[in-house]
Amino acid sequence: MLLQREPRLRELRVFDLHLGPWLEELQTGPVQVTAIQGDVTQAHEVTAAVAGAHVVIHTAGLVDVFGRASSETIHEVNVQGTQNVIEACVQTGTQFLVYTSSMEVVGPNIKGHPFYRGNEDTPYEAAHRHPYPRSKALAEQLVLEANGRKVHGGLPLVTCALRPTGIYGEGHQIMRDIYYQGQRLGGRLFRAIPASVEHGRVYVGNVAWMHVLVARELQQQAALLGGQVYFCYDSSPYKSYEDFNMEILGPCGLRLVGARPLLPYWLLMFLALLNALLQWLLRPLLLYAPLLNPYTLAMANTTFTVSTNKAQRHFGYEPLFSWEDSRNRTIRWVRAMDGSAP
Ligand SMILES: NC(=O)C1=CN([C@@H]2O[C@H](COP(=O)(O)OP(=O)(O)OC[C@H]3O[C@@H](n4cnc5c(N)ncnc54)[C@H](O)[C@@H]3O)[C@@H](O)[C@H]2O)C=CC1
Ligand SMILES: CC(C)CCC[C@@H](C)[C@H]1CC[C@H]2[C@@H]3[C@H](O)CC4=CC(=O)CC[C@]4(C)[C@H]3CC[C@]12C
């Protein structure tokens, strides 16, 4: 997106623990693309990668609500890693930092309070126990508190945080896993979440575009954008997590069985707790990390949607991809996966 949409870009550095083959396929044009294999928890590696950069977009993170990583590792990557990025900007004189935060910084909270079409100013008790949302909230706080710190050379650091809701699109591993689960069940998925529970979703291309735009405008309007948070949004419809997925998986041959959950919530929670127990018992032997666990079940059953135009008001954001385009691109990606089931 930066290569396509940022005309002033001279060099693009991609710093990642896992560098993928996609880097080889980039149409770089006159831009120098530098791939750096590194670990955001290693401060010296981050500092070396950031040195000389004008803007840093920090999107690295351990996205785990399935118990794959320990809470310590999640904290080390998401919180300490973010602190390392901030210190690298200060030490090397990089003045602009955009952080990919998350809706999870806000909620759903541990009390299951709904957040119905809220915005960046909507009062909400952001209380978390799970390591992932806690880590995102701490990291976002570090980024926002760093706004205004003097970087090497004496200029102020200008930071902001973007909060995507549930991202979908090409490369969405959860969508892929659910698709293969449905294929294994004869093309059927069984409803587990009431259709009335809305869950915010946003297309990955629009999330990327918001990052490119705010990285540009942060330099022009530091006083307005510095220290601010922005939900990532587009025209993706408000639906339950499952009904939204079916907008994409339906045209790919799956169908969702049941107008209401086939099992009562208490039985689903019992199965989720059983999964958590099995994960704990099997951990010395193998990683058992199903989609259904107490946290994901509670999340999926708690309405969380946003309705805001703060990004449009502050830096002229308009989604680059319509809902129809976002949906069709994702459907094409799922269909292209056929035959490559794990
Ligand atoms: N997937 C979603 O629905 C949402 C994701 N986000 C945030 O978006 C960002 C990107 O997440 P996704 O694209 O979903 O996940 P992802 O797993 O596809 O991307 C995370 C990237 O961070 C890299 N990474 C992980 N640990 C690292 C380390 N120690 N050092 C360097 N790189 C490391 C991974 O290799 C990967 O390329 C994350 O910060 C996540 O918290 C926010 C809201 C929703
Ligand atoms: C009852 C079912 C088994 C539940 C299946 C759906 C869940 C796996 C997903 C429901 C809500 C998702 C989360 C939500 O989109 C917010 C997120 C924000 C992030 O920053 C990372 C991803 C996630 C936690 C996302 C993960 C999958 C769900 C829990």
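Under an unreviewed UniProt entry, the name given to the protein is 3 beta-hydroxysteroid dehydrogenase type 7, and the organism recorded is Hipposideros armiger. Recorded under Sequence similarities (unreviewed entry), the UniProt text for the protein is reproduced unchanged: "Belongs to the 3-beta-HSD family." Under the Subcellular location (unreviewed entry) heading, UniProt states for the protein: "Endoplasmic reticulum membrane".

S.K.: Would you take a moment to explain the site of ligand 2 for this structure?
M.R.: Around ligand 2, the structure places 16 residues, and the nearest of them are V63, S102, E104, Y132 and G166. The contact in question runs from an oxygen atom of ligand 2 to an N or O atom on the side chain of S102, over 2.7 Å. Within the side chain of Y132, an N or O atom sits 2.6 Å from an oxygen atom of ligand 2. Its residues placed into classes, the shell around ligand 2 shows 11 nonpolar, four polar and one charged.

S.K.: Help me out: how do you make sense of the site of ligand 1 in this one?
M.R.: Lining the immediate surroundings of ligand 1 are 20 residues, of which D16, D39, V40, Y132 and K136 lie closest. Within the side chain of D39, an N or O atom sits 2.9 Å from a nitrogen atom of ligand 1. A distance of 3.1 Å separates an oxygen atom of ligand 1 from a polar backbone atom of T59. Protein chains bury 74% of the 820 Å² of accessible surface belonging to ligand 1 in isolation. Of all the secondary structure elements, the ones that give two or more residues to the shell around ligand 1 are α4 (131-146) and β7 (166-168). Classifying every residue of the shell around ligand 1 by side-chain character gives eight nonpolar, nine polar and three charged.

S.K.: Please explain unusual backbone geometry as it appears in this structure.
M.R.: The bulk of non-glycine residues show a negative phi, and the bulk of peptide bonds are trans. In this structure, the amide linkage connecting G107 to the following residue, P108, adopts the cis form with an omega of 0°. Tracing the sequence through the fold places P108 in the loop between β4 (96-100) and β5 (115-118). One non-glycine residue, R117, adopts positive backbone phi at about 55°. As for its placement among the helices and strands, R117 is situated in strand β5.

S.K.: Looking at this model, I keep getting lost on the UniProt feature "transmembrane region" (unreviewed entry) in the protein. Mind explaining?
M.R.: In the numbering used here, UniProt assigns the feature "transmembrane region" (unreviewed entry) to residues 263-282. Span residues 263-282 is 90% helix and 0% strand, its end C-alpha atoms 26 Å apart.

S.K.: Sorry if this is basic, but what is going on with the side chain of T41 here?
M.R.: Turning to its location among the elements, T41 is positioned in the loop between β2 (32-37) and α2 (43-50). For T41, a relative accessible area of 13% gives the class buried. Sequence-distant contacts of T41, defined by excluding residues within four places in its chain, comprise E76, V77 and N84.

S.K.: Would you explain the packing of helix α5 (residues 173-184) against helix α8 (residues 241-249) in this entry?
M.R.: What describes two packed helices is the angle between their axes and the distance between those same axes. Between α5 and α8, the least distance of the axes is 11 Å, while the angle of their chain directions is 80°. In terms of orientation, α5 and α8 fall into the roughly perpendicular class. Facing I174, M175, I178 and Y179 of α5, the residues of α8 in contact are Y241, N245, I248 and L249. For the contact of α5 with α8, a count of residues per class yields seven nonpolar, one polar and no charged.

S.K.: What is the right way to look at the UniProt feature "domain: 3-beta hydroxysteroid dehydrogenase/isomerase" (unreviewed entry) in the protein in this model?
M.R.: Summarizing the sequence annotation, UniProt attributes the feature "domain: 3-beta hydroxysteroid dehydrogenase/isomerase" (unreviewed entry) to residues 2-256 in the numbering used throughout. Regarding residues 2-256, the helix share stands at 36% and the strand share at 19%, and the terminal C-alpha atoms are separated by 37 Å.

S.K.: Looking at this model, I keep getting lost on a nonpolar patch on the surface. Mind explaining?
M.R.: Residues L185, F190, L262, L263, W266, F270, L271, L274, L277, L278, W280 and L281 make up a contiguous nonpolar surface patch of roughly 1200 Å² in combined accessible area. Looking at the nonpolar patch, the element that brings in the most residues is helix α9 (residues 265-282), giving eight residues. Along the chain, L271 turns up in helix α9. Assessed through its relative accessible area of 31%, L271 is described here as partly exposed.

S.K.: For this particular structure, what's the right way to read the nonpolar core?
M.R.: As a rule of thumb, soluble globular proteins bury nonpolar side chains together. Among the nonpolar cores identified, the biggest contains 33 residues, and M210, F315 and Y317 are the most heavily contacted of them. Secondary structure elements with two or more residues in this core: β4, β6 (158-164), α6 (204-220), β10 (228-232), α10 (294-300), β12 (304-306) and α11 (310-315). Among the elements that line this core, the one with the most residues is α6, at eight residues. L189, I248, C252 and W333 belong to the second-largest nonpolar core, a separate cluster that totals 24 residues.

Definitions and limits used
- Residues numbered from 1 in each chain as written.
- Chains lettered and ligands numbered in written order.
- Predicted model: local features only at pLDDT ≥ 70, side-chain atom pairs only at ≥ 80, totals over all residues.
- Heavy atoms only, no water.
- UniProt positions renumbered as here; feature names shortened; annotations may be inferred.
- Near = heavy atom within 4 Å.
- Polar contact = N/O pair within 3.5 Å; in protein donor to acceptor, adjacent residues only side chain to side chain.
- Nonpolar A, V, L, I, M, F, W, Y, C, P; charged D, E, K, R; others polar.
- Areas by Shrake-Rupley, 256 points an atom, 1.4 Å probe, with all protein chains shown as cover.
- Helix = DSSP H or I, 4+ residues; strand = E, 2+ residues; numbered from the N terminus.
- Buried < 20%, exposed > 50% of the residue type's maximum accessible area, 1.4 Å probe, protein only.
- Contact = heavy atoms within 4.5 Å.
- Axes fitted to C-alpha atoms, helices over the stretch in contact; angles between N-to-C directions.
- Parallel < 35°, antiparallel > 145°, perpendicular 65-115°, else oblique.
- Patch = residues over 30% accessible without salt bridge, like charges linked within 9 Å, V, L, I, M, F, W, Y side chains within 5 Å.
- Salt bridge = Lys/Arg side-chain N within 4 Å of Asp/Glu carboxyl O.
- Core = buried A, V, L, I, M, F, W, Y, C linked by side-chain atoms within 4.5 Å.

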